[in-house]
Amino acid sequence: MKPPPFHYHDPRTVEDTLHLLSELDDAKVIAGGQSLMPMLNMRLAQPGHLVDINRVDGLAGIGWYEPEQVVRIGAATRQRTIEKDPDLARRYPLLPEAISHIGHFQTRNRGTVGGSLAHLDASAELVAVASAAEATLYAASTRAVRAIPMADFPRGHLTTDLTSDELLVAIDVPLWPDGHGYAFEEFARRHGDFALVAAAVLLELDTTHRSIRRCRVSLVGLGPAPIRLTKAEELLNGGVADDDALRSAAALARNLSAVGDDAAPAEYRLALAETLVRRGLRRALRRATQPTTPEVN
Amino acid sequence: MATTRQIDCTVNGEPVTATVETRLTLADFLRDQLTLTGTHLGCEHGVCGACTVHVDGAAVRGCLMLAVQVDGSAVRTVEGLSDGDALSPLQQAFRENHALQCGFCTPGVLMSMQSFLDEHTNPTANDVTEALSGNLCRCTGYAAVVAATLQTARDGVEHHDQSPTSGGNGS
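Report on the accompanying structure. (Residues numbered from 1 in each chain as written. Chains lettered and ligands numbered in written order. Predicted model: local features only at pLDDT ≥ 70, side-chain atom pairs only at ≥ 80, totals over all residues. Heavy atoms only, no water.)

1. With respect to the overall build of chain A
Then comes step 1: Counting its regular elements, chain A contains eleven helices and 14 strands.
Then comes step 2: Against the globule reference of 19 Å for 297 residues, chain A gives a C-alpha radius of gyration of 19 Å, in line with a compact fold.
Then comes step 3: When the backbone C-alpha atoms are referred to their principal axes, chain A occupies close to 60 × 50 × 35 Å.
Then comes step 4: Taken as a whole, chain A presents about 12,300 Å² of accessible surface, with 50% of it coming from carbon and sulfur.
Then comes step 5: Charge separation in chain A, taken as the distance between the mean sites of 33 positive and 38 negative side-chain charges, equals 5 Å. (Helix = DSSP H or I, 4+ residues; strand = E, 2+ residues; numbered from the N terminus. Rg over C-alpha atoms; globule rule 2.2 N^0.38 Å. Areas by Shrake-Rupley, 256 points an atom, 1.4 Å probe, with all protein chains shown as cover. Lys, Arg positive; Asp, Glu negative; His and termini not counted. Charge placed at Lys NZ, Arg CZ, Asp CG, Glu CD.)

2. Examining the sheet that holds strand β12 (residues 197-205) of chain A
Residues and elements named next belong to chain A.
Then comes step 1: Pairing in this open sheet of four strands is antiparallel, and the strands run β11-β12-β13-β14 from one edge to the other. The sheet terminates laterally at β11 (181-187) and β14 (227-228), the two strands that pair on one side only.
Then comes step 2: Seen against the sheet, helix α8 (residues 125-133) touches β11, β12, β13 (212-220) and β14 and runs at an angle of roughly 150° to β13. (Pairing = 2+ DSSP bridges. Contact = heavy atoms within 4.5 Å. Axes fitted to C-alpha atoms, helices over the stretch in contact; angles between N-to-C directions.)

3. With respect to the packing of aromatic side chains
Residue and element names in this part refer to chain A.
Then comes step 1: Throughout the structure, instances matching the rule amount to zero aromatic pairs over all chains.
Then comes step 2: In this structure, R72 is placed above the aromatic ring of Y65, and the distance from its NZ or CZ to the ring centre is 5.1 Å.
Then comes step 3: In this structure, R72 is placed above the aromatic ring of Y138, and the distance from its NZ or CZ to the ring centre is 5.0 Å. (Phe/Tyr/Trp six-rings, centres within 6.5 Å; stacked < 30°, edge-to-face > 60°. Lys NZ or Arg CZ within 6 Å of the ring centre and 35° of its normal.)

On their own, these measurements won't tell you what the molecule is for.
Have a look at this one:
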């Protein structure tokens, strides 16, 4: 249970980091290390080189771009920073709500947004949010900076579209109007455990507050990549915002296919998915109908 | 490939300069090189919380950081809570509430609860329970720990050099 030997690099600039990644064979980037360090300790990962980006300038932070209506989050921004950011609590409360489910406050003090996305655990909360949010991920290399839509980012189990010389540097999250509905629902056997299934919901009402202008529903825990419940979104978009509609939309989760295991068979995960989507839609609708001061941890 | 680095940091306020293997975890550095064996190692993958220490004011898992990563940082361990033989208010409350039995998890629990109290002056039992969820105890149970933490909060939280910040430990 000790890390294997590796060559350690701690560059100070993005440029130096990208040069290292382009020159080194078998290099692994470490950010918060809350997934990679356990894998090193258990020797599930044995990289030849560890490139530590904790001392790289300019990779952490939250930037608001009003003309484009996006919030840009630096890849090395700590999860705890997002969780406690007052502007995000007001303008994009789905993010802090989702992050409060990740591990424990001690791991969120280290864990980063980019690290979680690049690790792409099948049940990761931030993966669900990035999917529902239709986030754009920016991957930099010595060759170029590339924008990757979240829908194209997952490539398989713990596998992303990033190439070995690319560094995830930031994500852009498109903003929703003030007072929009949102909810993050998760089922885990113990608080802080990996989710069996989790659902992220965003919802916007029309001006009459009777119909749903648009909504997004994403699920994790059903397979290696997040799943957008587009059929439910299509059913709800433009329709009357009542509980029957929400129930019908949530029931569509049963038609998805899930990868099960001994602990949670596929059928059980789909039952959880329906329940969590129903709860999420109800809570998001309630919040959109009666916008209140967001709960801050 | 025995790569080593020299690091400079403070541990419980004392300056430390040491040569460490780059693959050495912070917890092993504290235990094996500095003989600060109060920091315990249970699971070594971030689940049990026994190795919880403070780095620049934030509670972290000592098993999930490398020693080289605390170069330039201020580290606080369970040995840094008391003032000599005088227990800290939290430690005294643990004693009064029988909040430990075998004591294996206690250093991590203390460091988590101290960090929590640094940021929350008027917590509810639910808040404490939530904050305690990242530390596993296998004998005493949690009720006495919650009682001790609430008592410490009521009696007035010990104030530290780090004021409660809203941004975690940033980058």
